Amino acid sequence: MLQQSTKQERIHAVDALRGFALFGIILANIPFSGEHVVESPLNQTFDFFHNVFIAHKFIAMFSMLFGFGFYIQFQRFHSKGIRFTRYFLIRMALLFLIGCLHGYLLWTGDIIRAYAFGGIVLLLVRNWSVKSLLMLAVILNVLLTGIMYIVIEGFEWQTYEYSPELYEQHRLTTSYMDYLRINWRVDQWVNFLQDMPLTLFYTFGNMLIGFALAKLDFFRLPERLKRINRYMISLCLLLGLALNYVFYLMISGQIVLSISLIWLPFVLAAGMILLCLAYISIFLRLFKTKTFKKVLSIFNPIGRMALTNYIMQSVFYILFFYHCLNGLGFYGKLTHGESYLVAVLFFGLQVLFSMLWLKKFKQGPIEWIWKKAAYYFAR
C-alpha cells in the first residue's frame, strides 16, 4: 500500500530552502513594464540587482530541490519494496497536466511541465553514481546551455510567427478570452523548438545536481560535509558574483557577444549555477545555528506547500498587474522599486496563509489533490 511521507521523514531545512526559492521566484517573475516604463533614479539599480542576484538563480534552486524530492521518494519506496516507476510516471503525468492548466489558463512562463518532463528522465539515471550525475549536469548546464545560447543569439534560432508587440497586448488586454488565445500562441511548448531546448537543458541539469547532492546527504549537512560546505560558500560565492556581474554587463549591452568572446556563454552558465550553490550552502549553514534557524524557519510553511504557492503567485500577478480579469491593472504604473515592494508584501501574505493552512491540514490543496490522484491511479 502506498503511504504519504511522515513528518519525521521531512528535512525542515529543505522545506525552508524551498520557500526561500519561491521568494526568489516571485521577485524574478515580476512583470516589469515593457514600453510603459515608469522612470525612477533607482530603476537601473534594481536592474543590476535583478540580473546579478536573482535572474535564473532561484529557478535553478527550485529545480535542484525537485531533484532532491525525487531522491527522497525513490529511497522511501525502495526501502519498502514498493514498485516506484509506475507511481512516479503517473505522478509526473498529473504534474504535466497541472502545468498545462497553469500555462494555458494563467501564466505563460510555466516551468511545471519542464519539471514533469525532467522527472521522467530522472528515472533513467536514478541508479547512476554521483560522479556520473554531476558530469551529465555539467554537459547540460554548461556545454549544451552555452551552445544553445550561441545558436539563439548568433543564428536567429528564435523566430516566431507573431510579433513581440503581442506580449504587450497580452498584459493590457481586457478580454480573458483574448488573454487565453495569446497564452496559447506564445506558449513555450507550442513553440517547442524555439523555446524549450535551452529550458530543458538548464532545468534537467539542475535536477541532476540536486539529485547528486541528495545522494551525498548534503542537504542534511552532516559533519563530514561541512568542509565541502565552506568551500562552496567561499569559492562559489566569489566566482558566482563575478560571473553574474559579467552577465549583467552583457544583458545591459555593455559587452557584446563576438567570435573572440565565444567562450563567454559557457562561463556565464556556470556562474549562475555557482551562485545558486552558494545560496544553498549559506542557507544550510545558517539553518544549523539556533538564532538564524528561528528566522529562516519562516520560509518553512510556504515551502511545504510550494506547488500551491507557486500557482498562487501567478494568480496574484494577473489580478494585480494585468487587465484581463478586471483586476487592479497596475502594469506600467509602478517603478521597479514599487513592483519589488508589492512582490515582497504578497509573499508575506503567502507565508501567513501557509502557516494558517498547515495548522489545519498536512499539505497544500493542490499538493493534496495531486498526491491523492497519483495514489489512486497507482493502486
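Here, every reference points to the structure presented above.
Focus: the overall build of the protein chain
Next, step 1: If you tally the helices and strands in the protein chain, you get 16 helices and zero strands.
Next, step 2: Relative to its length of 379 residues, the protein chain is compact, with a C-alpha radius of gyration of 21 Å against a globular reference of 21 Å.
Next, step 3: Judged by the C-alpha coordinates and their principal axes, the protein chain covers about 55 × 50 × 45 Å.
Next, step 4: Out of the 379 residues in the protein chain, the part that is buried amounts to 51%.
Next, step 5: Of the contacts formed within the protein chain by residues at least 6 apart in sequence, a portion of 80% connects residues at least 24 apart.
Next, step 6: For the protein chain, the accessible area works out to roughly 18500 Å², and carbon and sulfur atoms hold 67% of it.

Section: the state of the cysteines
Next, step 1: Scanning all chains against the criterion turns up zero disulfides.
Next, step 2: Here Cys236 is not cross-linked by a disulfide; its sulfur's nearest cysteine counterpart is in Cys276, at 9.7 Å.
Next, step 3: Cys276 gets classed as buried once you look at its relative accessible area, which sits at 0%.

Notes on helix H1 (residues 12-28)
Next, step 1: Given a rise of 1.5 Å per residue, 17 residues ought to cover 24 Å, and the 24 Å separating the end C-alpha atoms of H1 matches this to within 8%.
Next, step 2: Of all 17 residues in H1, 14 are buried; the element is thus mostly enclosed.

Quick notes on the nonpolar core
Next, step 1: Formed by 108 residues in total, the largest nonpolar core has its most connected members in Met61, Leu95, Leu122, Phe219 and Ile280.
Next, step 2: When residues in this core are grouped by element, the largest group, 13 residues, is from helix H11 (residues 264-287).

As for the side chain of Ser281
Next, step 1: Of note, Ser281 is situated in helix H11.
Next, step 2: Setting aside anything within four residues of it in sequence, one finds Ser281 in contact with Phe218, Asn229, Met232 and Ile233.

Section: the packing of aromatic side chains
Next, step 1: According to the stated counting rule, one finds 50 aromatic pairs in the structure shown.
Next, step 2: With centroids separated by 5.7 Å and ring planes inclined at 55°, the aromatic side chains of Phe32 and Tyr340 adopt a geometry described as tilted. With Phe32 in the loop between H1 and helix H2 (43-54) and Tyr340 in helix H15 (residues 336-360), this pair connects stretches of sequence that are 308 residues apart. Here the two residues Phe32 and Tyr340 agree in accessibility, since each one is buried.
Next, step 3: Centre to centre, the rings of Phe77 and Phe84 are 5.5 Å apart; their planes meet at 65°, and the pair counts as edge-to-face.
Next, step 4: Site record: aromatic cluster; members linked through ring pairs are Trp107, Tyr176, Tyr179, Phe316, Tyr317, Phe320, Phe321, Tyr322, Phe330, Tyr331 and Phe346.

Quick look at unusual backbone geometry
Next, step 1: For His56, which is not a glycine, the phi torsion comes out positive at approximately 75°.
Next, step 2: Assessed through its relative accessible area of 40%, His56 is described here as partly exposed.

Let's talk about a nonpolar patch on the surface
Next, step 1: There is a patch of nonpolar side chains on the surface, built from Leu97, Leu101 and Leu105 and spanning about 270 Å² of accessible area.
Next, step 2: If you trace the backbone, Leu97 turns up in helix H4 (residues 84-105).

A word on the environment of Phe353
Next, step 1: Among the structural elements, Phe353 can be located in helix H15.
Next, step 2: For the pair Phe353 and Arg113, spaced 240 residues apart in sequence, the C-alpha to C-alpha distance is 26 Å.
Next, step 3: Those residues in contact with Phe353 that sit more than four places away from it in its chain are Met305 and Met312.

A closer look at the packing of H2 against helix H10 (residues 226-251)
Next, step 1: Their axes nearest at 8 Å, the elements H2 and H10 cross at an angle of 130°. The orientation of H2 relative to H10 falls into the category oblique. For the crossing formed where H2 meets H10, the hand is right-handed. Where H2 abuts H10, its residues Gln44, Asp47, Phe48, Asn51, Val52 and Phe53 lie against Leu241, Asn244, Tyr245, Phe247, Tyr248 and Ile251.
Next, step 2: Its residues placed into classes, the contact of H2 with H10 shows eight nonpolar, three polar and one charged.

Examining the packing of helix H5 (residues 112-125) against helix H9 (residues 192-215)
Next, step 1: Where H5 contacts H9, the two axes come as close as 9 Å, and the packing angle between them is 50°. Here H9 runs oblique to H5, going by the angle between their axes. Where H5 crosses over H9, the two elements pack in a sense that is right-handed. Across from Ala114, Tyr115, Phe117, Gly118, Gly119, Val121, Leu122 and Val125 in H5, the residues of H9 making contact are Met196, Thr199, Leu200, Thr203, Phe204, Met207, Leu208 and Phe211.
Next, step 2: In terms of residue class, the contact of H5 with H9 is built from twelve nonpolar, four polar and no charged.

A short note on the pattern of salt bridges
Next, step 1: Tallying each qualifying case throughout the model produces six salt bridges.
Next, step 2: For Asp187, the salt bridge identified is with Arg113, shortest N-O distance 2.8 Å. You can see Asp187 sitting in the loop between helix H8 (176-186) and H9 and its partner Arg113 sitting in helix H5, a full 74 residues away along the chain. We note that Asp187, like Arg113, is buried.
Next, step 3: Ionic pairing is found between Asp178 and Arg181, a salt bridge with its closest N-O pair at 2.5 Å. Taken together, the positions of Asp178 and Arg181, both in helix H8 and three residues apart, correspond to about one turn of that helix.

Regarding H10
Next, step 1: An ideal rise of 1.5 Å per residue puts 38 Å on 26 residues; H10 measures up with 35 Å between its terminal C-alpha atoms.
Next, step 2: The principal kink in H10, of about 25°, is found at Cys236.
Next, step 3: Within H10 the residues assigned to the buried category are Asn229, Met232, Ile233, Cys236, Gly240, Leu243, Asn244, Phe247, Tyr248, Leu249 and Met250.
Next, step 4: Where the residues of H10 are buried, they touch H2, helix H3 (57-79), helix H6 (130-154) and H11.
Next, step 5: Positive phi shows up at Gly253, right after H10, with a value of about 85°.

Calculation notes
- Residues numbered from 1 in each chain as written.
- Predicted model: local features only at pLDDT ≥ 70, side-chain atom pairs only at ≥ 80, totals over all residues.
- Heavy atoms only, no water.
- Helix = DSSP H or I, 4+ residues; strand = E, 2+ residues; numbered from the N terminus.
- Rg over C-alpha atoms; globule rule 2.2 N^0.38 Å.
- Buried < 20%, exposed > 50% of the residue type's maximum accessible area, 1.4 Å probe, protein only.
- Contact = heavy atoms within 4.5 Å.
- Areas by Shrake-Rupley, 256 points an atom, 1.4 Å probe, with all protein chains shown as cover.
- Disulfide = S-S within 2.5 Å.
- Expected span 1.5 Å × (residues − 1).
- Core = buried A, V, L, I, M, F, W, Y, C linked by side-chain atoms within 4.5 Å.
- Phe/Tyr/Trp six-rings, centres within 6.5 Å; stacked < 30°, edge-to-face > 60°.
- Patch = residues over 30% accessible without salt bridge, like charges linked within 9 Å, V, L, I, M, F, W, Y side chains within 5 Å.
- Salt bridge = Lys/Arg side-chain N within 4 Å of Asp/Glu carboxyl O.
- Axes fitted to C-alpha atoms, helices over the stretch in contact; angles between N-to-C directions.
- Parallel < 35°, antiparallel > 145°, perpendicular 65-115°, else oblique.
- Left-handed = near helix turned anticlockwise from the far one by under 90°.
- Nonpolar A, V, L, I, M, F, W, Y, C, P; charged D, E, K, R; others polar.
- Bend = angle between axes of the 7 residues up to and from the residue.

Worth remembering: the numbers are spatial, not functional.
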